[in-house]
Amino acid sequence: MTFARRLVGFNLLSAVILGAIGYYLGWWLGHQITGPSLDYFGDTGQNDIALYLAYFVGVVGFLIGLGFANYPVQRLLGRPPSLREKEQAGWTRYISLCTDHKVVGIQYLIGIGAFIFIGGLNAMLIRFELLTPNQHAWNGNNYLTLVSLHGTMMMGMMTSGILGPFANYFVPIMIGARRMAFPRIEALTFWLLMAAGFILMTSLAYGGIPTGWTGYEPLSDQANLGMDAYVAFFALVGLSMTLLGLNMLVTVITMRAPGMSWGRLPMFVWGTISTSVLMALAAPVLISTLLMVGMDRTAQTGFFNDQAGGSPYLYENLFWFFGHPEVYILALPGMGILLELLPVFSRKPLWGYRLAVTGMLGIGLLSFLVWQHHLFVSGINADVRPFYMLSTELISLPTGFIFICALGTLWRGRIRLTVPMLFALAWIFNFLIGGLSGVFLSDVPSDVTTHGSFFSMAHFHYTIMGGLLFAFFAGIYYWVPKMTGYMLNDTLGKWHFWIMFLAFNSTFGPLLVIGFLGQPRRVVTYAGYLQGANIWVSVSAFVLGASMLLFLVNFVYSLVFAQVPAGDNPWGSKSIEFQLPSPVPVHNFDRIPTFGPDPYPYGEGVAGGAVQRPAITPARPER
Amino acid sequence: MSRGTKLLGVVIGVAAIAALIAAYVVFLTHGPTPYRPAANGTTVNLKLQTVAAVGPKLSPNENWVSYLVDENGTWKRSTVWTLPANATVHVTVLNYDGQSGLRNPFLAQARGIVGRQFTLNGKAMSSINPDEASHTFAIPDFNVIVPIHGIADDAKNQCEFAPCDPSMAHDTITFTFRTGKKGHYRWQCFVPCAAGFVYGFGGPMQTIGYMDGFINVV
Amino acid sequence: MWSKYGHGARVAALTTIGTIIALPFVIFWLGPNMPPGKSTNVGDSQVFDNTVLLIVMTPFTVFILVYVLYAVFVFRADVNEPLRDGAHIRGHMPSQIAWLAITTVTVIFLAIFGSAELLSSGAGGGQGPHPIAKEKNALPIQVIGQQWEFTYRYPTYGGVETAQLVLPVDQPIAFHVTSLDAIHSFWAYELGVKADANPGVDNVAYVTVKKTRSFQIRCAELCGLWHGYMFDTGQVVSSSQFTSWIHQQQKLYAGSMKYLPPYATSYTPDPTFRAG
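What you see is a predicted model; the values in this text were computed from it and never measured.

## Digging into the overall build of chain B
Helix and strand counts for chain B come out as one helix and 13 strands. The secondary structure elements of chain B, listed N-terminal to C-terminal, are α-β-β-β-β-β-β-β-β-β-β-β-β-β. Against the 2.2 N^0.38 benchmark of 17 Å for 218 residues, chain B shows a C-alpha radius of gyration of 21 Å, more extended than a compact globule. With the C-alpha coordinates of chain B rotated into their principal frame, the extents come out at 85 × 40 × 35 Å. Sorting the 218 residues of chain B into buried and exposed places 49% on the buried side. Sequence separation of at least 24 residues holds for 70% of the intrachain contacts in chain B that already meet a minimum separation of 6.

## As for helix α15 (residues 385–394) of chain A
Considered for burial, the residues of α15(A) that qualify are A:Arg385, A:Tyr388, A:Met389, A:Thr392, A:Glu393 and A:Leu394. Buried residues belonging to α15(A) abut α14 (353–366), α16 (396–410), α17 (419–442) and α18 (444–450) of chain A together with α3 (93–121) of chain C.

## Examining the confidence of the model for chain B
Detailed reading of the predicted coordinates is not advisable wherever pLDDT falls low. Mean pLDDT for chain B: 90, with 100% of residues reaching 70 or above. If you check the scores for this complex, the pTM reads 0.93 and the ipTM reads 0.93.

## Thoughts on the packing of helix α11 (residues 226–254) of chain A against helix α12 (residues 267–298) of chain A
All names here are of chain A. Relative to each other, α11 and α12 sit at 150°, their axes nearing to 7 Å. If you check the angle between α11 and α12, you find them roughly antiparallel. Of the two possible hands of crossing, α11 and α12 adopt the one that is left-handed. For the contact of α11 with α12, a count of residues per class yields 22 nonpolar, six polar and two charged.

## Side note on the sheet that holds strand β2 (residues 139–146) of chain C
Residues and elements named next belong to chain C. Judged by pairing direction, the sheet is mixed, and its five strands sit side by side in the order β4-β3-β2-β6-β9 without closing on themselves. Of all strands in the sheet, those with a lone pairing partner are β4 (160–162) and β9 (203–208), marking the two edges. Ignoring strand direction, the axes of neighbouring strands in this sheet form an average angle of 25°. In the sheet, β2 pairs with strand β6 (residues 172–179) via seven bridges, with the strands oriented parallel. Across the sheet, Gly-145 pairs through a bridge with Ser-179, a residue of β6.

## Examining the packing of helix α13 (residues 312–346) of chain A against α14(A)
Residue and element names in this part refer to chain A. At a minimum axis separation of 10 Å, α13 and α14 run at an interaxial angle of 170°. Taken together, the axis directions place α13 and α14 in an arrangement best described as roughly antiparallel. Mapping the contact onto sequence places Tyr-328, Leu-332, Met-335 and Leu-339 in α13 and Ala-356, Met-360, Ile-363 and Gly-364 in α14. Class assignment of the residues belonging to the contact of α13 with α14 gives a composition of seven nonpolar, one polar and no charged.

## Focus on the interface of chain A and chain B
Contacts between the two partners involve 24 residues from chain A and, on the opposite side, 25 residues from chain B. At the level of secondary structure, the elements contributing two or more residues to the side of chain A that touches chain B comprise α3 (40–44), α6 (101–129), α10 (219–222) and α21 (531–562) of chain A. Residue composition of the side of chain A that touches chain B, grouped by class: 11 nonpolar, 11 polar and two charged.

## Focus: the interface of chain A and chain C
The interface is formed by 80 residues belonging to chain A together with 78 residues belonging to chain C. Listed by contribution, the elements that provide at least two residues to the side of chain A that touches chain C are α10, α13, α15, α16, β1 (415–416), α17 and α18 of chain A. Per-element tally for the side of chain A that touches chain C: the top contributor is α16(A), with seven residues. Pairing of β1(A) with strand β1 (residues 76–77) of chain C, which is carried by two bridges, proceeds in the parallel orientation. The residue of β1(C) that forms the bridge with A:Arg416 is C:Ala77.

Procedures and definitions
- Residues numbered from 1 in each chain as written.
- Chains lettered and ligands numbered in written order.
- Predicted model: local features only at pLDDT ≥ 70, side-chain atom pairs only at ≥ 80, totals over all residues.
- Helix = DSSP H or I, 4+ residues; strand = E, 2+ residues; numbered from the N terminus.
- Rg over C-alpha atoms; globule rule 2.2 N^0.38 Å.
- Buried ≥ 20, exposed ≤ 12 C-beta atoms within 10 Å, placed from the backbone.
- Contact = placed C-beta atoms within 7 Å.
- pLDDT = per-residue confidence, 0-100.
- Axes fitted to C-alpha atoms, helices over the stretch in contact; angles between N-to-C directions.
- Parallel < 35°, antiparallel > 145°, perpendicular 65-115°, else oblique.
- Left-handed = near helix turned anticlockwise from the far one by under 90°.
- Nonpolar A, V, L, I, M, F, W, Y, C, P; charged D, E, K, R; others polar.
- Pairing = 2+ DSSP bridges.

Written out as structure tokens, the structure is:
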């Protein structure tokens, strides 16, 4: 097909056009809605209903433009569905609705990557502001918007940060399936996330977001129109998360190949399962909370307004009931990748498989029981605090299981320090510090000083960035050769790792101290004696940003210019995806494989090790 | 695709991204230039006006309340001012806005100004009835606060959109404060005067250029 | 001699040596210097708590760091040499049980210890309207958070409201923290007090300051545009200085006292209170 012919039809271009039409249609509709409780629109000059409708009708238009309505409409009309979405070749698959789980995985990788870089840019701008307490780089309200956009974008995107790219690509392969249970929903989760990210960026045009990523009421009720972008963003992210989680669970439950019993699932799949359970259960709470916020902002309901019979505590509790499982949604996939990579690069079986699975499921279960530790000093009933202190500290038990299994896997192995392994080892170090700082925060007397300070911020950056993001890069260096067929440059990778690791610790280590020394979060000015420390942190943050640019250089150079072929198994892994060609062919396997008893058949004395070799004839990769 | 085409593509991509980032940074730093009133030795005169609705010519949000400053005869919606250190600042505020009332009546008592008294339409006093407050001018870092009395609801010839001229209904408040050391200080209104926003503190009350600003003491 | 011992013994030895080196540093230098400092009774409690936490964490941290570094150096294989597998160890039940037992005991100890510290003095945190760790004869001071300044009311001195916080030394103080609009948080850093200011809620926090000093007050909950600027400096002075200061404030603010509502532990600001 010619380039022009490819462009016509349902793809990103038609989606953007229909999305824009939908936006204006929604905006117009919103202005037609009037009522006595909406009189205040005249004073504020801000019609929240119009913006919400603009966003949602815009998203509907966007999805129709991509072709999501094609299958239902064609079936309703009694026609056979078009197979454009099952296209098997061509670069246009990546900018359209494509039901190949591998294409969705790569779409996720690029899409989430782009938004993470935008979030990271905001972080650099925040640190630039914090170089001095008395001079201000960003005009007025823009600093708070930067803080809010950074946090919101990162949290929204990183929840699917590993499940999106890697679980979508590899979980079907690891369980021996050719596809996910609901391929079209899989594609939907991706495009919802992209629409959401774009919507969040438009908040800049509407006055920004003053509340940080937590969106506490009543400040979020007061806020300008930009707050509606936040509500719409998280609502769409919540929907995407719920669908992604459910899809993963149904796939793993129903589509495992013969021989793949629950006790033989790779750790990455177990990580995905525990994350998916949390996603499916916690994200709907977020969506309902945001619905209430939207109603407070438009119809003047009083859910979170104590004078109207509601309570700001209701928001705090609802948000953190989602928020705490959310952070374990961020942590668990990283643990899955860690325990998946360590056996490969230590050439040993996973130590304590059952203990590790117990750990992951235990973290998932306990994560629903701890949320009030975010409210320790907010005036909740003092009697409940010891319970939540206990439950929060108990989470360190299953986390400890993960650690001991990781450590056990290193014992008497033959450790190859490849770039993915370096990132996995750094995970252990970073999550150790993150977890220990979490113990301080879980202890109420200690939390009195550290709540709402940079200590708390450094804690979650150590666990989320030091844990999840490092695991994300481990996954990238490990799996991108399989996904694309090209190796990422090893030297650049090592430079990236070392600069990132050292700069990361140089940025967030001192922040633990700065928090203890009395600097609250989200402030634009601070006590003079902390300026030296803040300058150190800002400069380290700029170096950290530079390491990310180095990664981008590596990524583009290796995949676009150098294109060193990776071969089928660059790491000598015995996992099934590395027994397939790189990149994995469209149909995954010629014949559905039969799995052997050991997901990690390494270790001296294991005959051949590869009881897991699937019965396939490797097909030549399709381009 | 040849290597050359790929390189060109990458260069164009990088240039586009760099341009977007530059535009973003410009957008974030875009703001008014600070106004520096003329200084007479260590005495500075600052003439301000507060209006009920700033009007379409001065702002995209025409119904927002705002402070305006007299910059050499023209009224500008600018709230970032540069003042000399250790100076005496005489402030005149012409208030064209109605009464909103203070949420915390404590803030109706003037603090931190010279002589602890301000004049309201010529009469010297140190506090007003909090229910009659229209705005306040406060610099919390200097512990300065002055309540701005509002015009009655039934006053004749009320100003609709800024800039307002003295023939319309207004109250005149004058006071003097001293600036201290060099630094960067915020000032704000404390009356919940942002109509339509929850607690009256959204919109113009949280946007620099309306009811909040900075004082750069140099 | 070193090679006589197996890997396990070596790691255990290194861990023990590391812990022995680190612990005195933690107990005698790091612990006592932990924030928020020892100016108040709750500050003491927090510093002690932090010290115990550090002491408990030290062996675990040393063990994991020593172990990982040892493993990475000793069990390392070169990337270029032919691929050989490591030992076939799939688990070791005694280690798992030992780890489970040690960590469980540690966690339960920390939870009980933390609760004990918390219930003894409240640790300076906001306990809500019905505090369980109370102080008798506490001087009540209401901290009112509003966008974007803290003001303070002294109900036992006629309900006078001031813009500065001055406290008498050696006197139990009950902070009643409330808000008139958004959620703020009253954080008196050097005193070790933090209590969120929620509209319509009375959040009580107790402290007794042991020496005269000045201290920082910062807002610790994002409350809008000037959240970062919502800071103050408080003073702790002798009782006689405090009495003379508060009488001076009463005279100074007699004008506004006429208009203040009667003292209540929380107020009910109307959120729709906006310009007509």
